[in-house]
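Spelled out from the first residue to the last, the chains are:
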Amino acid sequence: MSNKKETWKEGMYGDEVREKIIEFAEKGWESIPEDERDMWFSRFKFWGVFHQRDGQESYFMMRLTNANGQMTAEQLRAIGEVARDYATGPVDNPEFGDAWIDLTTRQSVQLHWINLEDVPAIWEKLESVGVTTRSSGGDTMRNIVGCPVAGKDKHELVETQPLLDRLQEDLRGDDNLANMPRKFNISVTGCREGCAQDAINGIGLEPAEKEIDGETVTGFNVRVGGGTGSREPRKARSLDVFVTPENAYDVTRGFVELYHDHGRRDNRQKNRSRFFVDDEGTESIRELLQAEYVDTDLHREGRSVRDEYTYNAGRPPEEGKTDHVGVHEQPDGRHYVGLNVPVGRMTARETIALADIAEAYGSGDIRLTRRQNPLIMDVEESALDALLDEPLLETHRPEPTPFERGGMACTGTEFCGIALTETKLRLTRMLRWLNTNVDVPDDVDTIKIHYSGCTADCGHAYTADIGLQGMRAQKGGEIVEALDIGVGGGMGPHPEFVEWVSQRVPADEVPGAIRSLVGAFSAHREAGQTFREWVEDVGTESVVDLCDPEETDYEDPYMYDAKQSWYPFEDGESPAPTTVNDAPISSD
């Protein structure tokens, strides 16, 4: 039996929703029938248009899509100009002001405070430079992730760009597959670092080699059913299948079609691909895939290079890149420069400046990473010093502190209806306090702190050295924003999720808890150990005793149930909903 959202999708979904969005935009926000808004908002998501939370009626978030984080300076400049001209809210954020973009963990961009009436003009500007919002949200294939330096990496094992292009155009572009049981994530890794993080995707292709007919062939092993969220994370499991670059598209498409046809649609709590793999098992899925969805014979998995994975793996930096921040040499002798954007937020002015710099010092090619950071590509060695002296790089530094380098955060209660706590501004303040008050060993370049505002885990708390998830607690007789604290997560050869060592910690006591954890790590680690390795060595039971929440001189002004306010940083009356001319109208 279908649930409510399945019934809505059966009525209309995918590409045909676009014309309804344009129709509503032309008539104005108030033209959407009040008793149909939930239905239309659910459908809008396929086109990257998300209604913001209660109290922010008539305002939308817009999510873009660009496979593998690739874009040109022209495209980024257009995005920055859209943010400047259209993504402006009724009040400023206390830290970031007004008009900014958010970089996502799926290598793309989100914009906030969008008026529905402006969506057609925004689409026209973005699409004129090849940027789209199609299939960036809802129950569909989301932005495809991969190694952001595909084709530019000295350690790339298998070329992935042709495959990524075909997956983007032919698979995600197929409107017949728009209506999936739930959101579905695809990753393609061609490098030895594992930066597409196949372990937390619905289907992940990882580089491998196999002897076929006496010849060593380079291709991919296939993993399925990974993902985090709802306190039920799963690591993607081997399908025991090896694919060549030539048949990788057909096998990926086959699994997408299989899940499209057989994934549960009756229970939205259990219809993620990770639960589908739980229920069906990889052997049964492989047999069905071969029998009904793929014409070529499936080879058993080949020799993996997972043991070499270092990206977000909690391994020492001397073993390989743990992220893409800093200056890195390309195979052609030029360089790419990774900037650090703690919590993934850049102002519109900074975004436009980044586009200008990428053209001035590089080829204009820009890549976005899974850690919410941008890369400037193809910089000649002779131009490096001038680039590194640019004012933008004083803010978004290629050589950040360990805490800044590891900081990631989801949207939080600022705009999200399901988040329990504020995230981006809180973590920004927290990182600043940690920089000043907590010492880190000289040979440690990253302490990964990932913050999710709720158990949906959009901030990837499960894959962090120190993961934070938003909760509520009582303190001094009042309900306050609180965080669960987990340790020991990471990807790499042996993906592991955090173990929760302290729960419902009032937000103002969390920096003290992190200081105690990092202090114990610094005092008791073996030489060269990373935080994740230290946790594995001492065990999480010991870490429970070392995590000591306490009040410090850190001040958190957003403690008291900010979700009950229309905007966490504004106590006054909400100006929403509004008419097409931004005049307030009755919320009744």
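Residues numbered from 1 in each chain as written. Predicted model: local features only at pLDDT ≥ 70, side-chain atom pairs only at ≥ 80, totals over all residues. Heavy atoms only, no water.

Looking at the secondary structure, you find Arg525 in the loop between helix H15 (510-524) and helix H16 (531-538). Within the local environment of Arg525, its side chain forms a polar contact with the backbone oxygen of Gln529, the two atoms lying 2.7 Å apart. Once residues lying within four places of it in the same chain are set aside, the contact partners of Arg525 are Pro441, Asp443, Val444, Ala520 and Trp534. (Helix = DSSP H or I, 4+ residues; strand = E, 2+ residues; numbered from the N terminus. Polar contact = N/O pair within 3.5 Å; in protein donor to acceptor, adjacent residues only side chain to side chain. Contact = heavy atoms within 4.5 Å.)

To continue, consider empty space enclosed by the protein. The full count for this structure, using the stated rule, is two cavities of 30 Å³ or more. Estimates place the volume of the largest cavity at around 50 Å³. Every residue along the wall of the largest cavity is listed here: Glu193, Gly194, Gln197, Asp198, Ala199, Arg306, Tyr309, Tyr311, Met491, Gly492 and Pro495. In terms of residue class, the lining of the largest cavity is made up of five nonpolar, three polar and three charged. Empty space within the second largest cavity amounts to approximately 30 Å³. Lining the second largest cavity are Leu76, Ile101, Leu103, Val109, Met346, Thr351, Leu354, Leu368 and Pro374. Among the elements of the structure, strand S4 (100-103) and helix H10 (348-361) are those that each provide at least two residues to the lining of the second largest cavity. Taken together, the residues of the lining of the second largest cavity break down into eight nonpolar, one polar and no charged. (1 Å grid on protein atoms, 1.4 Å probe; cavity = no way out; pocket = protein on both sides within 12 Å on 5 of 7 lines; lining within 4 Å. Points joined across faces, edges and corners; volume = space filled by probe spheres on them. Nonpolar A, V, L, I, M, F, W, Y, C, P; charged D, E, K, R; others polar.)

This brings us to the nonpolar core. Ile21, Phe44, Met62, Leu111 and Leu116 are the most contacted members of the largest nonpolar core, which has 61 residues in total. With residues near it in sequence (within four places) discarded, Ile21 still touches Phe44, Trp47, Val49, Leu116, Val119 and Trp123. The next biggest cluster of nonpolar side chains, apart from the first, holds 51 residues, and it includes Phe403, Ile449, Leu468 and Met559. (Core = buried A, V, L, I, M, F, W, Y, C linked by side-chain atoms within 4.5 Å. Buried < 20%, exposed > 50% of the residue type's maximum accessible area, 1.4 Å probe, protein only.)

Our next topic: the packing of aromatic side chains. Applying the stated criterion to the full structure yields 29 aromatic pairs. Judged by centre distance (5.3 Å) and plane angle (70°), the rings of Phe24 and Trp40 are edge-to-face. Note that Phe24 is positioned in helix H2 (residues 17-27) and Trp40 in helix H3 (residues 37-44), a separation of 16 residues in sequence. Phe24 sits in the buried class, given a relative accessible area of 5%. Ring plane angle 40° and centroid distance 6.0 Å describe the contact between Phe184 and Phe255, whose orientation is recorded as tilted. You can see Phe184 sitting in the loop between helix H6 (161-171) and strand S7 (186-188) and its partner Phe255 sitting in helix H7 (residues 248-262), a full 71 residues away along the chain. The buried category is assigned to Phe255, whose relative accessible area is 0%. Seen from the ring of Trp47, Arg18 lies directly overhead, with NZ or CZ sitting 4.9 Å from the centre. Looking at Lys270, its charged tip hangs above the ring of Phe275, at a distance of 4.5 Å from the centre. (Phe/Tyr/Trp six-rings, centres within 6.5 Å; stacked < 30°, edge-to-face > 60°. Lys NZ or Arg CZ within 6 Å of the ring centre and 35° of its normal.)

Along helix H5 (residues 119-127), the positions that sit buried rather than exposed are Val119, Ile122, Trp123 and Leu126. In a view along the axis of H5, the buried residues occupy a sector of 100°, so they form one face of it. On the buried face of H5, the contacting elements are H2, strand S1 (49-51), strand S2 (59-63), helix H4 (73-86) and strand S5 (109-115). (Arc of directions from axis to C-beta.)

Here the focus is the sheet that holds strand S17 (residues 407-409). The five strands lie next to each other as S17-S18-S19-S20-S21, forming an open sheet whose pairing is mixed. In the strand order of this sheet, the two ends are held by S17 and strand S21 (499-506), each with one partner. Ignoring which end each strand starts from, the neighbouring axes of this sheet average 25° apart. Note that strand S19 (residues 466-475) and strand S20 (residues 478-487) share 10 bridges and pair antiparallel. (Pairing = 2+ DSSP bridges. Axes fitted to C-alpha atoms, helices over the stretch in contact; angles between N-to-C directions.)

Let us look at the sheet that holds strand S12 (residues 326-329). One open sheet accounts for five strands, arranged S3-S15-S16-S13-S12; its pairing is antiparallel. Pairing within the sheet leaves two strands with one partner each, and these edge strands are strand S3 (70-72) and S12. The average undirected angle you get between the axes of adjacent strands in this sheet is 25°. Sitting on the sheet, H10 is in contact with strand S15 (365-368) and strand S16 (374-379), with an inclination near 15° to S16.

Within this model, the second largest pocket holds a volume of roughly 430 Å³. Contributing to the lining of the second largest pocket are 21 residues, with Asn66, Ala67, Gly130, Gln168 and Glu169 lying nearest its centre. Where the lining of the second largest pocket is concerned, the elements lending two or more residues are S3 and H6. With five residues, H6 is the largest single contributor of residues to the lining of the second largest pocket.

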